[in-house]
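Single-letter residue listing:
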Amino acid sequence: MAQIVLTNDLGRQFTGGETTLDMDVTDVRDLIRKLDQKFPGIAEVLQDGSMAVAIDGNLHQDAWLEDIGPTSEVYFLPAIRGG
Amino acid sequence: MGVDGNYKWVGKRTVRPDGTDKVTGRALFSADSSMPGMLIGKILRSPHAHAKIKSIDTSKAEKLAGVKSVVIGKDFPNLPNKTISIGILAANFSEMSDKLMARKKVLYDGHPVAAVAATTSAIADKALSLIKVEYQVLPHVIDVDEAMKPKAPLLHKKMITVGVDPAPTKASNVASRCEFGFGDLEAGFAAADVIIERTFKTKPAHQGYLEPHGAVVSVAEDGQVTIWCSSQGQFMVRSYCARLMQIDEAQIRVIPAEIGGGFGGKTVIYLEPVAMALSGRAGKPVKMTMTREEVMRATGPTSGTSIDVKLGATKDGKLTAGEAELRYQAGCYPGSPVGPGAMTAFAPYNLENVKTVGFDVVVNRPQAAAYRAPGAPMSEFAVESVIDEMAQKLGMDPIALRELNAAKEGTTAPYGPKFGPIGNEQCLEAAKNHPHYSAPLGPNQGRGVASGFWFNVGGESVASVNINTDGTAVVLSGNPDIGGSRASMAAMAAEVLGIDYDKVRPIVADTSSIGYNDLTGGSRTTFASGMAVCNAATDAVDQMRTRAAKVWDISPDAVEWSEGHARPAGPNAGDFEPMSLADIARTSAKMGGPITGRAAINAQGAAPGFGTHIVDVEVDPETGHVTVLRYTAVQDVGRAIHPSYVEGQIQGGVAQGVGWALNEEYVYGDDGCLQNTGFLDYRMPVASDLPMIDTVIIEVPNEAHPFGVRGVGEVPIIPPLGAVANAVSNAIGVRMTDLPLSPPKILAAIKNGS
Amino acid sequence: MPTVSMTVNGAEVSVEVENRTLLVQLLREQLRLTGTHVGCDTSQCGACVVHMDGIPVKSCTILAVQAADADVLTIEGVADGDTLHPMQAAFRENHGLQCGFCTSGMVMAGLDIARRFPDVDDATVRRELSGNFCRCTGYHNIVKSIVAGAHAMNEAGG
Ligand code: FES
Ligand code: FES
């Protein structure tokens, strides 16, 4: 199962503080859908462009279709804006 | 190809394609275009830091001969109060519109309240003077710590801090709180032999781009809008104008002028929608350019900050815990870069226990805009200062302490994910081995070291590569060339196509000539647009291979492309004469039409950059004046596509960072109005303030990019703040925590010893 | 409105101006020589440097009427036809620019420095350049460009 890590702020808002989860998912979209089933409302925040996701160390922004492997480590983090 | 290849054009110091235009004055910047019948637009700005607008009377101005239109806040659409993401930016259009033209209140000195368009500049000035605005002045607040106090004047009566549980019941100037980190801080600090706690302050600094904002806007009778302006993204200008003025994006064409510097400050717009409103009413094109005073009073500087850092280490130098609280000025509406500040603060270090908390605080200043590595220079300055002090306390060499605790591949970054391959350790090692680091120091001199980290970003990019029948190529991309990116695009395309660099002409296309591109910022252009250019060139190569295969009647898979030629490969190797790009291009009509390679991507896999800087300073004990004697900047850039422009970016970032550390600051009067509105007393470094800046380029390639690019532009502004402060502290034997390190502060520190 | 006559880049011009018209406005707005840039309102930045009778001046601080009968050289008049002046070539080849906004003023200032110090070194360039801002380059390549340009001018016989 892939290990999913949410930010502390997401934990506070949606999961009652839980930030590390093990889930069976195939890609980012699937992950967001399944997270939303568990924690209703979280999908909106994860998809409004304010969050990025790192899969096995690689940073992705706005990437629904990125694959998540069975042993992947997935971290959500605020989207990086630039100067 | 491949990230480790030997290249003909990538990594070479080619002459930039726009070089001649820029040394002859031919290049057209934002203020250089004009149109027949064009009017001049000007803005009336608030003289108060915080005030209610009781009334605005524009009737006299409207009657003045030569005035063609006048607009105030109510002439702009009211928009939903919601933050949305657009590409790599986030925006709340209700707030943005209010910043463009104040509605009920003015929130800073310089806030626009009205605008006019007239036949001449003098008439426009006269018209502004005829507009009567009645204000009710309100108490104001500028400093971030003051703004957080319970009794502080409130900018927004209904603002409840987001990110606090349970939500506060009282409004405050604190827009939001964010938090990052992991581990057990208490245990971490319990395991420490030495704990250092300090508070740091930095002043707001302006990006200081030399070209003031400017735009020429024409709204035609049929509603079609054409905008010539300089910005960090023509598509950003289009999206913002469309939303702010409630018209379709397809109706707006934004033609990018050359941009005279941006550094993040041109990722927002100030004039274009106002000029649209004026032009639409007048039925004539309108030109608006800011004066330097307007740039200083009313465009986005970066935040002033106040930061607490606590760091623990064992006596042999292992960092056990790090904690920071960051308070950043947002300006008049939420949106300081405190988030990235909190994420980057401890990023160069491997910490098991780390926590950063950030507060985004509104104050009566213009909205903070991005400035190179937004948020990071301040937080990393605070941490790098404490690291330096820790090394002193432990009797360790400051680079050795950093090496012992360096983040490397596999380290969990303080903001969550694990790092992939990164060049942090390589930078530290190169700095340690650089002759600068062991050079002797004289009396009153000090040496400072600091590291820096930035994420770098990717984003949406489109490119096309058109192969001409004479064997040349035109490369279209959609990012303004802010520091030599045309040269990089041409080099990458030449490399992939296998033709000479000077046979490639790179063009920065307007919004109607190419698909959407995120803006130039976050160090994304060479990475993301570069990736699109490489992919588009590869697409063109594939088409040419297919055509050669048809001519030879073999499978396209049996055709390889090298040195600008299609060559039969595998079982057919040597069977046919290779065909050059020019040969194939010449017959393009017969073979199915023009050859155009295209790529439209959302570039993923941006990889972080690290740098380590060393600086020597001399402090004059009589005057407190600091002279920068020697500067060396080491940085991992993944791959330097054009080393001269990579070095130039690093040197420019260093100069800005040194200015921020030593001289640059906003000075406000008791009335909350900015007092240093020009270059005379907002002191940016001049040539005589700086030495030559030695650069060392480290290349740990980013596997996600065809040539290994990470990004360059953000990292180099981060370490100078800490490095300079550490050098000064070491020179005078007193820890300096309050930037800028102006002579009076240094004299006081020498005198008081603290 | 007064009419002023002057020579600009070798050509005689006569233009109607207001008393308060600045030389930079005359050049940019009336003659459309937009290579001379405006970066500030306080005569600090040097983006507007032109030569008046061979002397570098900040054209934002000179009234057009003060330039009456003068011989004015702007960046547009520096190249010899389609051949870049050695100072321009030096900026181009030494990557003495990023955004290019300061470049016109830097080239004009560089020409004057080269004329006064044919064997100029880095330190002299830095000292003499303190009236010109660049925010992009950290000055490193600009200093190199001016030194290279001066030496090339020297070799070419001034
Ligand atoms: S425009 Fe800045 S000195 Fe003239
Ligand atoms: S190159 Fe941009 S200001 Fe000098």
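Residues numbered from 1 in each chain as written. Chains lettered and ligands numbered in written order. Predicted model: local features only at pLDDT ≥ 70, side-chain atom pairs only at ≥ 80, totals over all residues. Heavy atoms only, no water.

1. Remarks on the interface of chain B and chain C
Between chain B and chain C, the contact holds 56 residues from the first and 44 residues from the second. Of the roughly 4,100 Å² buried between chain B and chain C on both sides combined, carbon and sulfur atoms contribute 59%. Looking at the side of chain B facing chain C, the largest losses of area belong to Val23, Leu210 and Met692 of chain B, adding up to 18% of the total buried there. Put simply, chain B and chain C have two salt bridges between them. Where Asp32 of chain B meets Arg28 of chain C, a salt bridge forms, and the shortest distance between an N and an O atom there is 2.8 Å. Linking chain B to chain C there are 24 residue pairs in polar contact (both at pLDDT 80 or more). Those elements that provide at least two residues to the side of chain B that touches chain C are helix 1 (19–23), helix 9 (292–298) and helix 18 (643–662) of chain B. Of all the elements, helix 18 of chain B adds the most residues to the side of chain B that touches chain C, at eight residues. For the side of chain B that touches chain C, the per-class residue count stands at 26 nonpolar, 22 polar and eight charged. (Contact = heavy atoms within 4.5 Å. Buried area = accessible area lost by both parts, 1.4 Å probe. Salt bridge = Lys/Arg side-chain N within 4 Å of Asp/Glu carboxyl O. Polar contact = N/O pair within 3.5 Å; in protein donor to acceptor, adjacent residues only side chain to side chain. Helix = DSSP H or I, 4+ residues; strand = E, 2+ residues; numbered from the N terminus. Nonpolar A, V, L, I, M, F, W, Y, C, P; charged D, E, K, R; others polar.)

2. Remarks on the interface of chain A and chain B
Between chain A and chain B, the residue contacts involve 22 residues of the former and 36 residues of the latter. Summed over both sides, the interface between chain A and chain B buries roughly 2,300 Å², with carbon and sulfur atoms accounting for 50% of that surface. Across the contact surface, chain A and chain B share one salt bridge. Salt-bridge contacts for Lys418 of chain B lead to Glu73 of chain A; the nearest nitrogen and oxygen are separated by 3.0 Å. Counting residues per element, the ones that place at least two in the side of chain A that touches chain B are helix 1 (8–15), strand 4 (58–61) and strand 5 (73–78) of chain A.

3. Some points on the arrangement of the chains
In this assembly two pairs of chains touch, with chains B and C having more contacts than any other pair. At no point do chain A and chain C touch; the closest pair of C-alpha atoms across them sits 14 Å apart.

4. Some remarks on the pattern of salt bridges
Residue and element names in this part refer to chain B. Counted by the stated rule, this structure contains 51 salt bridges over all chains. One salt bridge in this structure joins Arg177 and Glu179, with 3.1 Å as the shortest N-O distance. Pair check on accessibility: Arg177 and Glu179 agree, each one buried. Between Arg486 and Asp481 there is a salt bridge whose closest N-O contact spans 3.1 Å. Salt bridges linked by common partners bring Arg16, Asp18, Lys22, Glu258, Asp481 and Arg486 together as one network. (Buried < 20%, exposed > 50% of the residue type's maximum accessible area, 1.4 Å probe, protein only.)

5. Points about the sheet that holds strand 3 (residues 51–55) of chain A
All names here are of chain A. One open sheet holds the five strands; their spatial order is 2-1-5-3-4, and the pairing between them is mixed. Both outer strands of the open sheet, strand 2 (20–23) and strand 4, are each paired with one neighbouring strand and no more. Each adjacent strand pair in this sheet contributes to an overall mean axis angle of 25 degrees, direction not counted. Relative to strand 4, strand 3 runs antiparallel, the two being bridged by four bridges. Note that in strand 4 the partner of Ala54 across the bridge is Leu59. Packed onto the sheet, helix 2 (residues 28–38) meets strand 1 (2–5), strand 2, strand 3 and strand 5 and runs at close to 115 degrees relative to strand 2. (Pairing = 2+ DSSP bridges. Axes fitted to C-alpha atoms, helices over the stretch in contact; angles between N-to-C directions.)

6. Quick notes on unusual backbone geometry
The linkage connecting Asp165 of chain B with the following residue, Pro166 of chain B, adopts the cis geometry, with an omega of -10 degrees. With respect to the element layout, Pro166 of chain B can be found in the loop between helix 5 (144–148) and strand 9 (174–182). The omega torsion across Leu739 of chain B and Pro740 of chain B is -5 degrees, close enough to zero to call that bond cis. Here Pro740 of chain B shows up in the loop between helix 19 (719–732) and helix 20 (743–752). Residues other than glycine seldom take positive phi values, yet Asp56 of chain A does so here, at roughly 50 degrees.

7. Remarks on the packing of helix 2 (residues 86–93) of chain C against helix 3 (residues 103–116) of chain C
Residues and elements named next belong to chain C. Running from N to C, helix 2 and helix 3 cross one another at 125 degrees; their axes reach a closest spacing of 10 Å. Comparing the axis directions of helix 2 and helix 3 gives the class oblique. Our pair here, helix 2 against helix 3, has a crossing hand that is right-handed. Between helix 2 and helix 3, the residues in contact are Met87, Gln88 and Phe91 and Thr103, Met106, Val107, Gly110, Leu111 and Ala114, respectively. Looking at the contact of helix 2 with helix 3 residue by residue, the class counts come to six nonpolar, three polar and no charged. (Parallel < 35°, antiparallel > 145°, perpendicular 65-115°, else oblique. Left-handed = near helix turned anticlockwise from the far one by under 90°.)

8. Considerations on the sheet that holds strand 10 (residues 194–202) of chain B
Residue and element names in this part refer to chain B. One open sheet holds the five strands; their spatial order is 9-17-16-15-10, and the pairing between them is mixed. The two strands at the open ends of the sheet, each matched to only one other strand, are strand 9 and strand 10. Taking each pair of neighbouring strands and ignoring which way they run, the sheet shows an average axis angle of 10 degrees. Taken strand by strand, helix 11 (residues 376–394) contacts strand 10, strand 15 (305–313) and strand 16 (319–331), and its axis lies near 145 degrees from that of strand 10.

9. Some thoughts on the confidence of the model for chain B
The pLDDT averaged across chain B works out to 96; a share of 99% of its residues lies at or above 70. Two summary scores accompany this predicted model of the complex, namely pTM at 0.96 and ipTM at 0.97. (pLDDT = per-residue confidence, 0-100.)

10. Some details on the pairing of strand 20 (residues 473–477) of chain B
All names here are of chain B. Taken across its five residues, strand 20 has five buried, putting it largely inside the fold. Burial along strand 20 is two-sided: Ala473, Val475 and Ser477 facing one way and Val474 and Leu476 facing the other are all buried. As paired elements, strand 19 (residues 459–467) and strand 20 share five bridges and run antiparallel to each other. Each residue of the ladder has a partner; that of Asn466, found in strand 20, is Val474. Note: strand 20 against strand 21 (residues 504–508), five bridges, orientation parallel. Of the residues in strand 21, the one forming a bridge with Leu476 is Ile507. Following the backbone out of strand 20, through helix 15 (residues 485–497) and into the adjacent parallel strand 21, one traces a crossover that is right-handed. (Right-handed = clockwise from strand over helix to strand, strands pointing away.)

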